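Below, each chain spelled out in residue letters.
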Amino acid sequence: MTLPKTMRAVEISQPGGPEVLRLTERPVPVPAAGEIVIRLAYAGGNRPDALQRAGAYAPPPSASDLPGLEGAGEVVAIGAGVSGLSVGERVCALLPGGGYAEYVATPAAHALPVPAKMDLKAAACLPETFFTVWSNVFMRGGLKAGERFLVHGGSSGIGTTAIQLANVFGARVFTTAGSAAKCAACTALGAERAINYHKEDFVEVLRAEGGADLILDMVGGSYIPRNIKALADDGRMVHIAFLSGPRAEVNFAQIMARRLTITGSTLRPQSDLAKARIAEELRAHVWPLLAAGRVAPVMDSEFPLAEAAAAHTRMEGSSHIGKIVLKVG
């Protein structure tokens, strides 16, 4: 397949607000050993993209400077040493960066087939959120059937994914959200209880239930000591972001006396091998659920690639429910 030499892409002209995103032309990437090039149809928009745009989340040295950590499309080039994939195959992939473009290179081991009966628009919303949720809730957090699970930000892409997966694997799901509409969306996805944090205290709700066995937190700040209070004895808390800041005063005597575990991770800096292992777990445990329609990405809105700034404005306004996508191809 003969590829063009240049492509449309959205770059970050300088650190700042959504207005610093601008359409440009870049060379079409060439796959290195172990990589594939995908002609993207859609790219998912995520909070890390906004953080990178603001200058608060630098890409790894080997990654593209373009934002975009997930997308779906067609394999158009294959690097040396890649097996199990062919040109023309439809895939979705976790990307090291570069997703806001017509073509992107990524490790072949981070690509997964588009689930049966799913279109590319929905598939573009799978990798970043499903890699994050699976690795933190199930691999790191060890969630089991029957346990009480609290996820903050239930109407976000991460939240809607976590609710569905925890529910389908038999956990009791609790979540927080900021409006009646968002709470209703969360319960429709399988949350046993959606807590409007403007009107209720999630600590009181969870303590009345016996405490959370696992909490997935992306808020941080003042939520950290409150999460500790909301945990059951032997509970676990996993941090994946700090929207309200990474600092808090914590009573470690409570952690010792109640045998609590506090951990966390970020996805992008992990090794290619670690991400490949997550991909294989998803292929085995989650992709059959997607193919069967038992879980699915929740879609909020779609923007053309050239309107990436508008997509970021909506994402940072926090009025969305589910995923925001860019139509690339």
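Note: the structure precedes this text.
Since the model is a prediction, treat every value here as computed from it, not as a measurement.

Chemist: Go over the overall build of the protein with me, naming the residues and quoting the values.
Modeler: Secondary structure summary: the protein contains 11 helices and 15 strands in total. A compact globule built from 329 residues would reach a C-alpha radius of gyration of about 20 Å, and the protein, at 20 Å, matches this within 12%. Taken over the C-alpha atoms alone, the protein extends approximately 60 × 40 × 35 Å along its principal axes. The burial tally for the protein puts 53% of its 329 residues in the buried class. Here the analysis covers contacts within the protein between residues at least 6 apart in sequence; of these, 66% occur between residues at least 24 apart.

Chemist: How would you summarise the side chain of E70 if you had to cite specific residues and measurements?
Modeler: Here E70 is to be found in strand β4 (residues 70-78). Among the polar contacts made by the side chain of E70, one reaches the main-chain amide nitrogen of E128 at a distance of 2.7 Å.

Chemist: Quick rundown of the state of the cysteines? Include the residues and the values.
Modeler: A covalent bond between the sulfur atoms of two cysteines is referred to as a disulfide. With the rule as written, the count across this model stands at 0 disulfides. No disulfide involves C125; its sulfur sits 10.0 Å from that of C92, the nearest cysteine. Looking at C186, it has no disulfide partner, and the nearest cysteine sulfur is the one in C183, 6.2 Å off.

Chemist: If you had to explain the nonpolar core to someone new, which residues and values would you point to?
Modeler: Ranked by size, the top nonpolar core spans 50 residues in total, and within it F149, L216 and L282 carry the most contacts. It is helix α3 (residues 127-140) that contributes the most residues to this core, 6 residues altogether. V10, I36, A43 and V328 belong to the second-largest nonpolar core, a separate cluster that totals 25 residues.

Chemist: Before we move on, could you go through the side chain of T175 and cite the residues and values that matter?
Modeler: With respect to the helices and strands, the residue T175 is situated in strand β9 (residues 172-177). Given a relative accessible area of 0%, T175 falls into the buried group. A polar contact is formed between the side chain of T175 and the backbone nitrogen of G154, at a distance of 3.3 Å. Discounting residues that sit within four places of it in the chain, T175 has contacts with L150, V151, G153, G154, I163, C186, A191, R193, A194 and I195.

Chemist: Summarise helix α7 (residues 223-230); cite the residues concerned and give the values.
Modeler: Taken together, the buried positions of α7 are Y223, I224, N227, I228 and A230. Along the long axis of α7, the arc covered by the buried residues comes to 160°, so they all point the same way. Against the buried residues of α7 lie α6 (202-208), β11 (212-217), β12 (231-239), α8 (252-257) and β13 (261-264).

Chemist: Give me helix α4 (residues 157-168): which residues, what numbers.
Modeler: For α4, built from 12 residues, the straight-helix expectation of 16 Å at 1.5 Å per residue is met to within 8% by its first-to-last C-alpha distance of 17 Å. Within α4, 10 of the 12 residues are buried, which leaves it mostly tucked inside the rest of the structure. Listed in full, the buried residues belonging to α4 are G157, I158, G159, T160, T161, A162, I163, Q164, L165 and A166. Turning to α4, the residues buried within the fold contact α3, β8 (148-151), β9, α5 (180-189), β11 and β15 (323-327). The positive-phi residue at the C-terminal boundary of α4 is G170, with phi of around 95°.

Chemist: Kindly report on the packing of α3 against α4, identifying the contributing residues and their values.
Modeler: It is at 9 Å that the axes of α3 and α4 come closest, and there the two elements cross at 55°. As judged from the angle between their axes, α3 and α4 are oblique. Relative to α4, α3 is oriented so that their crossing is right-handed. On the side of α3, the interface is formed by T129, F130, T132, V133 and F138, while α4 contributes G157, I158, T161, A162, L165 and A166. Grouping the amino acids of the contact of α3 with α4 by side-chain chemistry returns 7 nonpolar, 4 polar and no charged.

Chemist: I'd love a proper account of the pattern of salt bridges, names of residues and values included.
Modeler: Applying the stated criterion across every chain yields a total of 17 salt bridges. R193 is paired through a salt bridge with E200; the nearest N and O atoms lie 2.8 Å apart. E200 gets classed as partly exposed once you look at its relative accessible area, which sits at 32%. A salt bridge links D300 to R314; the shortest N-O distance between them is 2.6 Å. Note that D300 is positioned in strand β14 (residues 299-304) and R314 in helix α11 (residues 308-317), a separation of 14 residues in sequence.

Chemist: Go over the pairing of β12 with me, naming the residues and quoting the values.
Modeler: For β12, a buried count of 7 out of 9 residues is recorded, marking the element as mostly surrounded by other parts of the structure. Bridge count for β11 against β12 is 5 bridges, and the pairing is parallel. Within β12, the residue paired with D217 across the bridge is H239. In terms of handedness, the path from β11 via α7 over to β12 forms a crossover that is right-handed. Pairing between β12 and β13: 4 bridges, direction parallel. When the sheet's bridge partners are listed, V238 is paired in β13 with T263.

Chemist: Describe unusual backbone geometry, naming the residues involved and giving the relevant values.
Modeler: With phi around 70°, K117 is a residue other than glycine that occupies positive phi space. Looking at the secondary structure, you find K117 in the loop between β7 (111-113) and α2 (120-123).

Reading the values: rules and limits
Residues numbered from 1 in each chain as written. Predicted model: local features only at pLDDT ≥ 70, side-chain atom pairs only at ≥ 80, totals over all residues. Heavy atoms only, no water. Helix = DSSP H or I, 4+ residues; strand = E, 2+ residues; numbered from the N terminus. Rg over C-alpha atoms; globule rule 2.2 N^0.38 Å. Buried < 20%, exposed > 50% of the residue type's maximum accessible area, 1.4 Å probe, protein only. Contact = heavy atoms within 4.5 Å. Polar contact = N/O pair within 3.5 Å; in protein donor to acceptor, adjacent residues only side chain to side chain. Disulfide = S-S within 2.5 Å. Core = buried A, V, L, I, M, F, W, Y, C linked by side-chain atoms within 4.5 Å. Arc of directions from axis to C-beta. Expected span 1.5 Å × (residues − 1). Axes fitted to C-alpha atoms, helices over the stretch in contact; angles between N-to-C directions. Parallel < 35°, antiparallel > 145°, perpendicular 65-115°, else oblique. Left-handed = near helix turned anticlockwise from the far one by under 90°. Nonpolar A, V, L, I, M, F, W, Y, C, P; charged D, E, K, R; others polar. Salt bridge = Lys/Arg side-chain N within 4 Å of Asp/Glu carboxyl O. Pairing = 2+ DSSP bridges. Right-handed = clockwise from strand over helix to strand, strands pointing away.

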